[in-house]
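A closer look at the structure
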There are 2 protein chains.
Amino acid sequence: MRQIVNSASTAPTVLVVGSGNVAWHLCSAFEKAKLPVVGVANRTVEKLHEFKQHFSIPVFDLKTPPEADIIVLAVSDNSIHLVSEQFINSVSTVVHTSGVFGIKELHTKVKNKGVFYPFQSFTKGNTLDYSSIPLFVESDTAQSKKHLSYLASAFGSAPYCIDAASKKSLHISGVFANNFINKLLQESMHLLEENQIPQEVIWPLVEETIKKAKHIGPAKAQTGPAIRNDQKTINEHLEYLKNQPELQNVYAKLTQLIQEKKS
Amino acid sequence: MRQIVNSASTAPTVLVVGSGNVAWHLCSAFEKAKLPVVGVANRTVEKLHEFKQHFSIPVFDLKTPPEADIIVLAVSDNSIHLVSEQFINSVSTVVHTSGVFGIKELHTKVKNKGVFYPFQSFTKGNTLDYSSIPLFVESDTAQSKKHLSYLASAFGSAPYCIDAASKKSLHISGVFANNFINKLLQESMHLLEENQIPQEVIWPLVEETIKKAKHIGPAKAQTGPAIRNDQKTINEHLEYLKNQPELQNVYAKLTQLIQEKKS
């Protein structure tokens, strides 16, 4: 890949690498913001079939990508290092989008490194309000810093600078707020289904739970048998869940967490 | 209390008993629906101060309540039996609103019993769309059945009939969807706060989590290190949480739950 030096008068060009949910939403946000996206590349170009149908962005095999000022690696965490190796002779800014890793995951010989982590759960095809997504960035050179600001502008929001240590806590908080909440929802709906109660009855409660926590804060919004120390109800619930020991265990641990933090 | 027999041509009158969040929202829903609410009564009438300011419903001491066709006990679970004893000589329909108990919690000598359980998390003063709240009812006589339908009409929705066994699973599902999700939110926001990350960054993710689970179902929406069996990231997260053993334990148990149910 030839070295590219971006002149101040021209908008930097962008290449997206990847075929997953993050790559999809980056293409969507960048196209909406009319950023000059020169292409989306993937190791297996066949996987970009949907992208071809949905975006007017050319698709490429990762072996022969077009030149670009900014290369955004929206690939799996385990592939970041390997894919970044392909760009060690480039002056392009090479950015990854992982919530797990920091800037050091990119190959040490990459000249201008960056991390561009949108704190959101992405699904292909879902419509998102990009301007509401918090962005977290890490950069090493003046060029990568400038280029990250440019990418953030496509989302219409100012990015937060974050170091690798804080980013770990951010990622864990995301696991609680997304992965674990989603799992609790699944179990909750499963309990309803087992008893022929229509599963959709859960949504007004869940939506009010979130609204209330947002409005008065979850500490003040806490209700239920655990915070009331209603051991009789807790015991009845644990007894009810005895045939689902993992779920019973989660019930017990979350109850304990509510009670321990209270005292 | 004198026996009241409701004639078909007159709307049944309602007395609300209690001073908490549920009593507040019942008064609000019933007043909006122009139901003839003859009063709200409480053991300590001083606690009804806010009700007097907010509603045009007379307030009473529970020792001297007005007569009513339907008496709704929006009192704590532990007080239902005792308070219902006061109405054993009445033909009024006596209804409680507990998510924990069934119809049997009311005194056996109460002639017309009912349970009217709105599946929602209530906070005084919060505005709610009552028509979206799922209602669960249990009744014993034709009169109590008729009266429960009447109460439900104030919410603008058809109630689900539910027995005590199914109601327990409903209540547990509510604990997961409200109490536990709220606690996870609190922990998630606490992790951010500890690292000087603005807590509000959590909301776009949480709202998308709920939206996605509602849209495609939580089973399909599951993402993250647990479902990916990304043990390296899981270990790093557990290590990060080592100084908060209860939270670390919850992380481990929820991770296990996601992984066990997968295989």
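Residues numbered from 1 in each chain as written. Chains lettered and ligands numbered in written order. Predicted model: local features only at pLDDT ≥ 70, side-chain atom pairs only at ≥ 80, totals over all residues. Heavy atoms only, no water.

**Focus on the sheet that holds strand β3 (residues 59-61) of chain A**
Residue and element names in this part refer to chain A. Formally: We treat two strands as partners when DSSP finds at least two bridges between them. To qualify as a helix, a DSSP run of H or I must reach at least 4 residues; to qualify as a strand, a run of E must reach at least 2; elements of each kind are numbered from the N terminus. We call two residues in contact whenever any of their non-hydrogen atoms come within 4.5 Å of each other. In this analysis an axis means a line fitted to C-alpha atoms, helices contributing only their contacting stretch, and an angle means the value between N-to-C directions, from 0 to 180 degrees.
Taken together, eight strands build an open sheet; the order of strands is β3-β2-β1-β4-β5-β6-β7-β8 and the sheet is mixed. Only two strands of the sheet have a single partner each, and these edge strands are β3 and β8 (160-161). Examined bridge by bridge, strand β1 (residues 14-17) and strand β4 (residues 70-73) share four bridges and lie parallel to one another. Its bridge partner being in β4, Val 16 is matched across the sheet by Val 72. Helix α1 (residues 21-32) contacts β1, β2 (37-42), β4 and β6 (112-118) of the sheet and is inclined by roughly 160 degrees relative to β1. Those strands touched by helix α5 (residues 164-194) are β5 (93-96), β6 and β7 (135-139), and its axis lies near 25 degrees from that of β6.

**Some words on the environment of Ser 98 of chain A**
All names here are of chain A. The cut-off we apply is this: Counted as a polar contact is a pair of N or O atoms within 3.5 Å, where, for protein atoms, one must be capable of donating a hydrogen and the other of accepting one, and residues adjacent in sequence contribute only when both atoms are in side chains.
Here Ser 98 shows up in the loop between β5 and β6. Residues Ser 98 and Val 22, 76 residues apart in the sequence, show an inter-C-alpha distance of 9.6 Å. Sequence-distant contacts of Ser 98, defined by excluding residues within four places in its chain, comprise Asp 77, Ile 80, Val 115, Tyr 117 and Lys 167. In terms of polar contacts, Ser 98 uses its side chain to reach the side chain of Asp 77, at 2.8 Å. Of the polar contacts made by the side chain of Ser 98, one reaches the backbone nitrogen of Phe 101; its length is 3.0 Å.

**Comments concerning unusual backbone geometry**
For residues other than glycine, phi is negative in most cases, and the peptide bonds are mostly trans. Even without glycine at this site, Asn 229 of chain A takes up a positive phi of about 55 degrees. We note that Lys 34 of chain B has phi near 60 degrees; this positive angle belongs to a residue other than glycine. Looking at where Lys 34 of chain B falls in the secondary structure, it is placed in the loop between α1 (21-32) and β2 (37-42).

**As for the environment of Ile 71 of chain A**
With respect to the secondary-structure elements, Ile 71 of chain A resides in strand β4. Considered as a pair, Ile 71 of chain A and Val 94 of chain A are 23 residues apart in the sequence and their alpha carbons are 4.9 Å apart.

**What about the relation of the copies chain A and chain B?**
The cut-off we apply is this: A residue counts toward the fit only if its pLDDT is at least 70 in both copies, and the copies are then superposed by least squares on the C-alpha atoms of those residues.
With an RMSD of 0.0 Å, chain A superimposes on chain B once it is rotated by 180 degrees and translated 0.0 Å along the axis. The superposition of one copy onto the other is thereby described by a two-fold rotation axis. For chain A, the minimum C-alpha distance to the rotation axis belongs to Ile 181 of chain A and amounts to 2.8 Å.

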